[in-house]
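Coordinates in review
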Amino acid sequence: GAGVSQSPSNKVTEKGKDVELRCDPISGHTALYWYRQSLGQGLEFLIYFQGNSAPDKSGLPSDRFSAERTGGSVSTLTIQRTQQEDSAVYLCASSLELFSPLHFGNGTRLTVT
Amino acid sequence: KNEVEQSPQNLTAQEGEFITINCSYSVGISALHWLQQHPGGGIVSLFMLSSGKKKHGRLIATINIQEKHSSLHITASHPRDSAVYICAVEARSQGNLIFGKGTKLSVKP
């Protein structure tokens, strides 16, 4: 598998529960990005990593959202105390470095009931 | 006003037509991306531009840095080109992407 892998592909959770979304970037890609797309809406940038560092967290919608990246590879996006408005497709992309072509994963569809 | 504006929002074309989608932005950028989102939701990066013009098959992307404008052209359009086309810019010296709202293209046979 040479592409960006996201898991799970679908997640249904109850309001108030915590969820973890995972992104495996392409090996060797130093930059990793998280986006989300709510139903009928455009893409919304959440956060990016350069290596393990996230220079700008201002795109995260609330303090219930956090993300980390370890070993310059796998990243997890955690949503605590999920709300119905968190329901969306969460997309991950990676690139060899900043300002390089993006490679997208297939996304995780999160449904909060 | 959005920092990235795309036009048109919706576009219906007949197979074979030449198609142009426009993107204007208001911030200083390091690069501009054209993305294609398939009806099933998957996203593919078509082009990344910082200047000039790029061509891939029937797709051509141009950018004018001075005018802060980019265009995506599709020659000899085909129904399989039906998708949402998204323009996104990388703000200079930052890694975040600013997205346009997308252009929904439908190519009729």
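Just so we're clear, the structure is a prediction, and the values are computed from it rather than from any experiment.

So, about the overall build of chain B. Each helix and strand in chain B was counted, giving 0 helices and 11 strands. Listing each helix as α and each strand as β along chain B from the N terminus yields β-β-β-β-β-β-β-β-β-β-β. For chain B, the spread of C-alpha atoms along the three principal axes comes to 45 × 25 × 25 Å. The buried share among the 109 residues of chain B stands at 46%. Contacts in chain B between residues at least 24 apart in sequence constitute 55% of all its contacts with a sequence separation of at least 6. Surface exposure of chain B reaches about 5200 Å², of which carbon and sulfur atoms provide 49%. Averaged over its 11 positive side-chain charges, chain B has a centre that lies 3 Å from the centre of its 7 negative ones.

Turning to the nonpolar core, a few remarks are in order. Core analysis: the biggest nonpolar cluster contains 25 residues, and Leu32, Trp34 and Val89 of chain B have the highest contact counts within it. Of all the elements in the fold, those that place two or more residues in this core are strand S3 (19–25), strand S4 (29–37), strand S5 (43–49), strand S7 (59–64), strand S8 (69–74), strand S9 (83–91) and strand S11 (103–108) of chain B. For this core, the element with the most residues is S9 of chain B, which contributes 5 residues. Setting aside its immediate chain neighbours within four residues, Val89 of chain B contacts Val4, Tyr25, Val27, Ile29, Ala31, Leu32, Asn96, Leu97 and Ile98 of chain B. Counting residues in each nonpolar core, the second largest holds 21 residues, with Leu21, Trp34, Leu60 and Tyr90 of chain A among its members.

Turning next to the packing of aromatic side chains. The tally for this structure, following the rule as stated, stands at 6 aromatic pairs over all chains. Among the aromatic residues, those joined into a cluster by ring pairs are Tyr33, Tyr35, Phe45, Tyr48 and Phe104 of chain A together with Phe99 of chain B.

Turning our eyes to something else, we now look at the side chain of Gln37 of chain A. The residue Gln37 of chain A is located in strand S4 (residues 31–37) in this model. Given a relative accessible area of 15%, Gln37 of chain A falls into the buried group. A polar contact of 2.6 Å, which involves the side chain of Gln37 of chain A, links it to the side chain of Gln37 of chain B. Leave out the neighbours within four places in its chain, and Gln37 of chain A touches Gly42, Leu43, Ala88 and Val89 of chain A together with Gln37 of chain B.

Looking now at the side chain of Ser38 of chain A. All names here are of chain A. On the secondary structure map, Ser38 appears in the loop between S4 and strand S5 (43–50). Ser38 gets classed as buried once you look at its relative accessible area, which sits at 19%. Apart from residues no more than four positions distant in its own chain, Ser38 is found in contact with Ser87 and Ala88.

What follows concerns the sheet that holds strand S1 (residues 4–7) of chain B. Residues and elements named next belong to chain B. With antiparallel pairing, the 5 strands of this open sheet are ordered in space as S1-S3-S8-S7-S6. Each having just a single partner strand, S1 and strand S6 (52–56) make up the two edges of the open sheet. Averaged over neighbouring strand pairs, the angle between their axes works out to 15 degrees when direction is ignored. When S1 meets S3, the two strands line up antiparallel, connected through 4 bridges.

Here is what the cut-offs are and how they apply
- Residues numbered from 1 in each chain as written.
- Chains lettered and ligands numbered in written order.
- Predicted model: local features only at pLDDT ≥ 70, side-chain atom pairs only at ≥ 80, totals over all residues.
- Heavy atoms only, no water.
- Helix = DSSP H or I, 4+ residues; strand = E, 2+ residues; numbered from the N terminus.
- Buried < 20%, exposed > 50% of the residue type's maximum accessible area, 1.4 Å probe, protein only.
- Contact = heavy atoms within 4.5 Å.
- Areas by Shrake-Rupley, 256 points an atom, 1.4 Å probe, with all protein chains shown as cover.
- Lys, Arg positive; Asp, Glu negative; His and termini not counted.
- Charge placed at Lys NZ, Arg CZ, Asp CG, Glu CD.
- Core = buried A, V, L, I, M, F, W, Y, C linked by side-chain atoms within 4.5 Å.
- Phe/Tyr/Trp six-rings, centres within 6.5 Å; stacked < 30°, edge-to-face > 60°.
- Polar contact = N/O pair within 3.5 Å; in protein donor to acceptor, adjacent residues only side chain to side chain.
- Pairing = 2+ DSSP bridges.
- Axes fitted to C-alpha atoms, helices over the stretch in contact; angles between N-to-C directions.

These results come straight from atomic positions and should not be treated as a statement about function.
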